[in-house]
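Coordinate analysis (summary)
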Amino acid sequence: MTGPDQQGPTLRLGIGGRSQSFGPGTTVTIGRDQASTFALSHGDVSRRHAEIYFDAGAWWLADLGSTNGTLVDGQRVGTLPLAPGQSLQVMVGGNRGVAMQLEVGATAGSPAGGPPSPAAPPPPPAYRGAPAGPPTSPPTGPPAGPPTGPPRPAGPPTGPPVAGPGRPPAGPPQPGPAPLGYEPTMAGGPAGPMSAHQTPPGQMGHGQPLLPGNLRMGQTIVLGRNQACDVVIDDPLMSRRHAAIELGPTVVLRDLGSFNGTFVNGQRLQGAVPLRPGDEVILGNGTFTWTGDQLVARNTRSDLTLVVENLTTVVKGGRRLIDGLSLELGPASLTAVIGPSGSGKSTTLGALTGTKPATYGNVIWQGHDLYTHYDQLRHQIGLVPQQDIQHPQLTVRQGLSYAARLRLPPDTTKAERDQRVNQVVAQMQLQRQVDNRIGTQLSGGQKKRVSIATELLTAPPLLFLDEPTSGLDPGLDRDVMHQLRGLADEGRVVVVVTHSVLALDVCDNVLVLAPGGRVAYFGPPSGVLRHFGCTDYPQVFDLLDDPDLWRRIPPPPPGRTHTGAQPVLANAPLPSPPRQSFGLQFATLVKRTLAVVASDKMLLAMLLLTPPLIGALSRLAVGDAGFGLSSTLDENSQRYDPSEVTQRLTVLIVASALIGAVMTIWALVNEKAVFQREYAVGLSPGTYLVSKVSVYGVLCFFQGVVVAFVGTVGLDGPDDGGVFGLGWFEIALAVGATCASVAILGLALSGLLSSSEQGMPAVIGVVMTQLVFSGAIIAVNGRAVLEQLSWLAPARWGYAAAASSVDLNRAQETGDGTLLESGERDVLYTSAADQFVLDLAVLGGLTLVFVLLGYLTVRRSSRAG
Ligand SMILES: Nc1ncnc2c1ncn2[C@@H]1O[C@H](COP(=O)(O)OP(=O)(O)OP(=O)(O)O)[C@@H](O)[C@H]1O
């Protein structure tokens, strides 16, 4: 097979016992698809797996976004230049795939596998209208001519950095430039600045060009959100400077470190890659095709249709939760999913959004399978779960502003975020409620609209909602459905799971699921009752539960298997979304938690009033010895009376444990839905936990200090001023540290809880455990098992540190320091500076263990989402 009339070395390819030579200009395809040049029936090979093509005078190997990858030296490759004379062993479909041998001839027309010829002059670039000779200054990006060195992954090329806004294009002007097929410009003249070109991708019609018309050889066109970019793309998912197109003999697309990535043919671009006509480029929410001289919007009806093929979810025991679901949901469509409880509606939503992939089948968007290209497509999906995904204590504006910080690219300015928030507020008609508190000053329907607005911040073209109208009265139910109709009319594919049938008439399609996840009906709402032979929906639902259902209605049409349904990686971990830096997420989360605390009047009152109250209550202990034992010595018996000191310390320590537990036991469980959704779009569980630990740890420490201050001020301090001579400060340190440590234990437990109702029993459990194991009331010292268990209780170490400060072991001695017959000193109470420090250090270590436990519980709850 020979290619068109092009110059360059030949390629010899050996695979699966076949060997064949190809001339320059040929494109060789490899995959399971029978239409491939080399069709391989191997389970690890994707349908369209890899391509070898000739471009810009060189051969290139490109993986087409395959599932198991194309490997060279054990490493996955994206697009790889092949040097003349090079011989390469490639694994198609991963290490267990099919071996392929590539040999590139040394020069044009030479036999394949000839000796390498590094000095061979590069053939002229193959682009239309490219200069007759090689450019005097090669552009940045992969080699202008065929690569002469060993192959390397398509990484950052060695050229100069990309021109910034306002800078002249990279490289000097070409002498006597011939246009690259772009509009002709001044021959030999410097490339003039291009006018900024405002292009919101959502509004671009199919085939509409993205780039301006006056392009010239040697220019670098920067694409991004920033007004200073050559092409301004007003898309919240774009970074300010997102990508650049370098117009050299080979046109190169370079990612400029964008947050959400630039994707070429389904692969996230690392560095730069040469563009070939027909390449698909995804920038933010927009999909474009490179025609050879222009990026044109790809918005055909089929691109904007969500195609579902033979989706099947099988769980242990072979039970099917979804059974062969096949649908096509066109652009600007609203689809309701209805069915009896347990028929698989939520499971279907999980499978359609990729959050819980099905076991078999495909979900195809923009021509790509969602499960294998989840990284690329995840940003285009908005998902509104059943629970509200905003904090009820915040106002609409506050909640959306924090969400915008967490979801939009980190280089988005405050002004841009505010503008985006205003846009989604207007879109959901919440302008009048924007300063209302979400939890208390909004109706149920408005709360739902706030959740939808949160998802709209990133302008996703696919929107899924899980029962947005549950709990709403019929009027509000209809309101929400009309809002969804409006969102669909803007061009989106909207899918809504609902129990309500009152507003189905605003939908384009209704999907009725029968138990077992089988499609009982899919079509316009007007046909539902007729299909089931019923006069109302209650009858339809009764019929759906009828074991004879499939004898009473026509069976569903056979599943569509156009692309060849194949097993997907069921339950495989989803790739992580791009994440903002720790600092940025941490700062946002801390501010949001503080805003939530500050706006919760009850919590604020508890924070301010409870500590002094508890401190004051501890002063009810009978006696005037304060925290000094020496004044309680009975001259006759030579014994001390520790009851007053013990009572005071017990109240301080146990109360601080109570404050800590109450402060945090609901902190995670109450915002699980918020966290799970934010985790899915990039929130790091570690950063989330650290932000909570920081806020609640510090707050609780100071609450403990206030308790101790009020409980000790004006009273006699420890004998000899404690172990450091710092009196009440030592006790305050012990009480504050106990409060913070129990708070972090509470956070770890909160992550484990599945509902807020479980919070109160958990608080009681934590506080009782601290009371018993502190050793303040029930002796634990020297009691096997009990003593060892007590080491796990923060109150044990906090109490021991305070006991060390007040020298509580003295109560076990006579006035002259002799151990009482019945006495037993607790080594943790030893009145010495190093023991006091050790007690607090162990308390610190235990707190770190709670942080780790908290991290594990947060990770666990993120997966449950
Ligand atoms: N991981 C799982 N393993 C086994 N069965 C499961 C699993 N998850 C869900 N199910 C079962 O699958 C069926 C469908 O559940 P799903 O939550 O999708 O139904 P639904 O139609 O959304 O119900 P509802 O309307 O009550 O929310 C139910 O019978 C449920 O018990």
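Owing to the predicted nature of the structure, the values given are computational and were not obtained by experimental measurement.

Before going further, it helps to examine the sheet that holds strand E24 (residues 333-338). Spatially, the six strands line up as an open sheet ordered E27-E28-E29-E24-E30-E31, and their pairing is mixed. Each of the sheet's edge strands pairs with one partner strand only, and the pair in question is strand E27 (381-384) and strand E31 (518-523). When strand polarity is set aside, the average angle formed by the axes of neighbouring strands in this sheet is 15 degrees. For E27 and strand E28 (residues 462-466), the ladder comprises four bridges, and the chain directions are parallel. In the sheet register, Leu 383 faces E28, and the bridge partner there is Phe 464.

This paragraph deals with the UniProt feature "transmembrane region" (unreviewed entry) in the protein chain. With numbering matched to this structure, UniProt assigns "transmembrane region" (unreviewed entry) to residues 649-669, 689-711, 731-753, 760-780 and 836-858. As annotated, residues 731-753 has a helix share of 96% and a strand share of 0%, and its two end C-alpha atoms lie 33 Å apart. Each end of residues 760-780 is marked by a C-alpha atom, and these two atoms are 27 Å apart; helix forms 67% of the span and strand 0%.

Turning our eyes to something else, we now look at the site of the ligand. Surrounding the ligand, one finds 13 residues, the nearest of these being Arg 319, Ser 341, Lys 345, Ser 346 and Thr 347. Measuring from an oxygen atom of the ligand, one finds a backbone N or O atom of Gly 344 at 3.0 Å. Here Thr 347 contributes a side-chain N or O atom positioned 2.5 Å from an oxygen atom of the ligand. Top contributing element to the shell around the ligand by residue count: helix H1 (residues 345-353), with three residues. Tallied by class, the residues present in the shell around the ligand amount to three nonpolar, seven polar and three charged.

Here helix H11 (residues 601-618) is 18 residues long and its end C-alpha atoms lie 26 Å apart, about the 26 Å a rise of 1.5 Å per residue gives. Its maximal kink placed at Leu 609, H11 deviates by approximately 35 degrees, while the proline Pro 611 follows within four residues. Within H11, the full set of buried residues consists of Leu 603, Leu 607, Pro 611, Ile 614, Gly 615 and Ser 618. Contacts from the buried residues of H11 go to helix H10 (582-599), helix H12 (643-664) and helix H14 (685-712).

With antiparallel pairing, four strands are arranged side by side in an open sheet as E23-E22-E25-E26. The sheet terminates laterally at strand E23 (320-329) and strand E26 (368-369), the two strands that pair on one side only. Where strand E25 (residues 360-365) and E26 come together, two bridges link them in antiparallel fashion. Among the inter-strand pairings, Ile 364 is bridged to a residue of E26, identified as Asp 369. With respect to the sheet, H1 is in contact with strand E22 (306-314), E23 and E25, its orientation differing from that of E23 by roughly 55 degrees.

Here we come to the pattern of salt bridges. Should their charged atoms come close, side chains of opposite charge can pair. This structure, assessed with the given rule, holds 26 salt bridges. Between Arg 810 and Asp 719 there is a salt bridge, with the nearest N and O atoms lying 3.2 Å from each other. Linking Arg 810 in the loop between helix H18 (794-806) and helix H19 (833-863) with Asp 719 in the loop between H14 and helix H15 (728-752), this pair joins segments that are 91 residues apart in sequence. For the pair formed by Arg 810 and Asp 719, the shared burial category is buried. Within this structure, Arg 225, Arg 240, Asp 411 and Glu 416 form a network of salt bridges that share partners.

Before going further, it helps to spend a moment on helix H6 (residues 474-489). Spanning 16 residues, H6 covers 22 Å between terminal C-alpha atoms, matching the ideal 22 Å at 1.5 Å per step. Along H6, the residues that are buried comprise Asp 477, Val 480, Met 481, Gln 483, Leu 484, Arg 485, Leu 487 and Ala 488. Those residues of H6 that are buried are in contact with E24, helix H4 (414-427), helix H5 (444-456), E28 and strand E29 (493-497).

Let's shift gears to the nonpolar core. Residues Leu 649 and Leu 808 are the most contacted members of the largest nonpolar core, which totals 67 residues. Of all the secondary structure elements, the ones that give two or more residues to this core are H10, H11, H12, H14, H15, helix H16 (759-773), H18 and H19. With residues near it in sequence (within four places) discarded, Leu 649 still touches Phe 627, Ile 731, Tyr 799, Ala 802, Ala 803 and Val 806. Ranked by size, the runner-up nonpolar core spans 51 residues in total, among them Leu 400, Val 480, Ala 503 and Ile 553.

Annotation from UniProt places "domain: ABC transporter" (unreviewed entry) at residues 306-541. Structurally, residues 306-541 is divided into 33% helix and 25% strand, and its ends, taken at the C-alpha atoms, are 27 Å apart.

A separate point is the environment of Arg 397. The residue Arg 397 is located in helix H3 (residues 396-407) in this model. Along the backbone, Arg 397 and Arg 32 are 365 residues apart, and their C-alpha atoms lie at a distance of 51 Å. Look past the residues within four positions of Arg 397 in its chain and what remains in contact with it is Asn 422, Val 434 and Asp 435.

The next point concerns unusual backbone geometry. Phi is positive for Glu 467, which is not a glycine, with a value near 50 degrees. Taking relative accessible area as the criterion, Glu 467 reaches 9% and is therefore assigned buried. Positioned with a positive phi, Val 785 is a non-glycine residue whose angle comes to about 70 degrees. A relative accessible area of 56% means that Val 785 is categorised as exposed.

Let us now look at a nonpolar patch on the surface. Together, Phe 709, Val 713, Phe 724, Leu 726, Trp 728, Phe 729 and Val 837 make up a nonpolar patch on the protein surface, roughly 640 Å² of accessible area in all. Among the structural elements, Val 713 can be located in the loop between H14 and H15. Residue Val 713 is classed as partly exposed on the basis of its relative accessible area, which comes to 39%.

Turning our attention to the packing of aromatic side chains. By the definition in use, this model includes nine aromatic pairs. Between Phe 675 and Tyr 679 the ring centres are 6.0 Å apart and the planes differ by 40 degrees, which places this aromatic pair in the tilted class. Here Phe 675 and its partner Tyr 679 are both found in helix H13 (residues 672-680), four residues apart, which amounts to about one turn of the helix. Residue Phe 675 is classed as buried on the basis of its relative accessible area of 2%. Seen from their ring centres, Phe 701 and Phe 702 are 5.4 Å apart, and the 80 degrees between their planes marks the pair as edge-to-face. On the basis of relative accessibility, which here comes to 23%, the residue Phe 701 falls in the partly exposed class. Each member of the aromatic cluster is reached from another via a ring pair, and the members are Phe 675, Tyr 679 and Tyr 688.

Per-residue confidence for the protein chain gives a mean pLDDT of 80; residues scoring 70 or more make up 84%. Below pLDDT 50 for its whole length, residues 109-203 participates in 212 contacts with residues either more than four positions away or in separate chains. Contacts of residues 560-573 to residues separated by more than four positions or lying in other chains number 28 contacts, the stretch itself having pLDDT below 50. What the predictor reports for the complex is a pTM of 0.70 with an ipTM of 0.96.

Bringing the pairing of E23 into the picture now. Along any regular strand the residues' side chains alternate between the sheet's two faces. In this structure, E22 lies alongside E23, joined through six bridges in antiparallel fashion. Residue pairing for E23: Leu 311 is matched across the bridge by Leu 325.

About the cut-offs
- Residues numbered from 1 in each chain as written.
- Predicted model: local features only at pLDDT ≥ 70, side-chain atom pairs only at ≥ 80, totals over all residues.
- Heavy atoms only, no water.
- Pairing = 2+ DSSP bridges.
- Helix = DSSP H or I, 4+ residues; strand = E, 2+ residues; numbered from the N terminus.
- Axes fitted to C-alpha atoms, helices over the stretch in contact; angles between N-to-C directions.
- UniProt positions renumbered as here; feature names shortened; annotations may be inferred.
- Near = heavy atom within 4 Å.
- Polar contact = N/O pair within 3.5 Å; in protein donor to acceptor, adjacent residues only side chain to side chain.
- Nonpolar A, V, L, I, M, F, W, Y, C, P; charged D, E, K, R; others polar.
- Expected span 1.5 Å × (residues − 1).
- Bend = angle between axes of the 7 residues up to and from the residue.
- Buried < 20%, exposed > 50% of the residue type's maximum accessible area, 1.4 Å probe, protein only.
- Contact = heavy atoms within 4.5 Å.
- Salt bridge = Lys/Arg side-chain N within 4 Å of Asp/Glu carboxyl O.
- Core = buried A, V, L, I, M, F, W, Y, C linked by side-chain atoms within 4.5 Å.
- Patch = residues over 30% accessible without salt bridge, like charges linked within 9 Å, V, L, I, M, F, W, Y side chains within 5 Å.
- Areas by Shrake-Rupley, 256 points an atom, 1.4 Å probe, with all protein chains shown as cover.
- Phe/Tyr/Trp six-rings, centres within 6.5 Å; stacked < 30°, edge-to-face > 60°.
- pLDDT = per-residue confidence, 0-100.

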